[in-house]
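# Examining the three-dimensional arrangement
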Amino acid sequence: MKAPGSVRIDKWLWAVRLYKTRSLATNACRLGRVTIAAQPVKPSRDVRINEVIVAQTGEITRTVKVIALLEQRVGAQLVPQYAEDLTPASEYSKPREPYLQPLFHRPKGLGRPTKKERRQIDKLF
């Protein structure tokens, strides 16, 4: 595959599988979730080799170094040829879903709530 002369950042982010679709990559750029040198970038900005890109993908903030330019999406096994992942391990250890605690705790085995307890529960909602 011949290396292109220049590639848009939204296209490159999609090609190296940081975002599932190109439109998601474009929206992330427009919303300021993609930065280069701590500056938000537009989706049409060209990517250069050896640039470090910081992209927020959901809960995780991914840091990637551009190794080579790419226009077409490649398999996941080929991504390391085009991008070096510099994301700290602490980002990957973040919980995928927020931990939700129950509004109240009722010990198991107490049976059905009493009328007074039901009223207290109804007040919560």
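In this text the structure is predicted, and so the values were computed from the model without any measurement. (Residues numbered from 1 in each chain as written. Predicted model: local features only at pLDDT ≥ 70, side-chain atom pairs only at ≥ 80, totals over all residues. Heavy atoms only, no water.)

The periodicity of an α-helix, 3.6 residues per turn, causes residues three or four places apart in sequence to face the same way. Of the residues making up helix α2 (residues 22-30), those classed as buried are A25, T26, A28 and C29. Buried residues of α2, viewed axially, fall in a sector of 160 degrees; they line one side. Where α2 is buried, its residues meet α1 (9-15) and β1 (34-36). Phi for G32, located one or two positions after α2, is positive at around 80 degrees. (Buried < 20%, exposed > 50% of the residue type's maximum accessible area, 1.4 Å probe, protein only. Helix = DSSP H or I, 4+ residues; strand = E, 2+ residues; numbered from the N terminus. Arc of directions from axis to C-beta. Contact = heavy atoms within 4.5 Å.)

Moving on: the sheet that holds β1. Pairing in this open sheet of 5 strands is antiparallel, and the strands run β2-β1-β3-β4-β5 from one edge to the other. The sheet terminates laterally at β2 (39-40) and β5 (83-85), the two strands that pair on one side only. In the sheet, β1 pairs with β2 via 2 bridges, with the strands oriented antiparallel. Paired with I36 across the bridge in β2 is Q39. (Pairing = 2+ DSSP bridges.)

A few words now on the pattern of salt bridges. For side chains of opposite charge, pairing can occur when their charged atoms come near one another. Enumeration over the complete set of coordinates arrives at 5 salt bridges. For the salt bridge of R22 with D10, the shortest nitrogen-to-oxygen distance reads 3.5 Å. Of this pair, R22 sits in helix α2 while D10 sits in helix α1, placing them 12 residues apart in sequence. R22 gets classed as partly exposed once you look at its relative accessible area, which sits at 32%. Its relative accessible area of 1% is what places D10 among the buried residues. With a closest N to O distance of 2.9 Å, R45 and E51 form a salt bridge. Taking the relative accessible area as the measure of exposure, R45 reaches 24% and is therefore partly exposed. (Salt bridge = Lys/Arg side-chain N within 4 Å of Asp/Glu carboxyl O.)

That is the geometry; function is a separate question.
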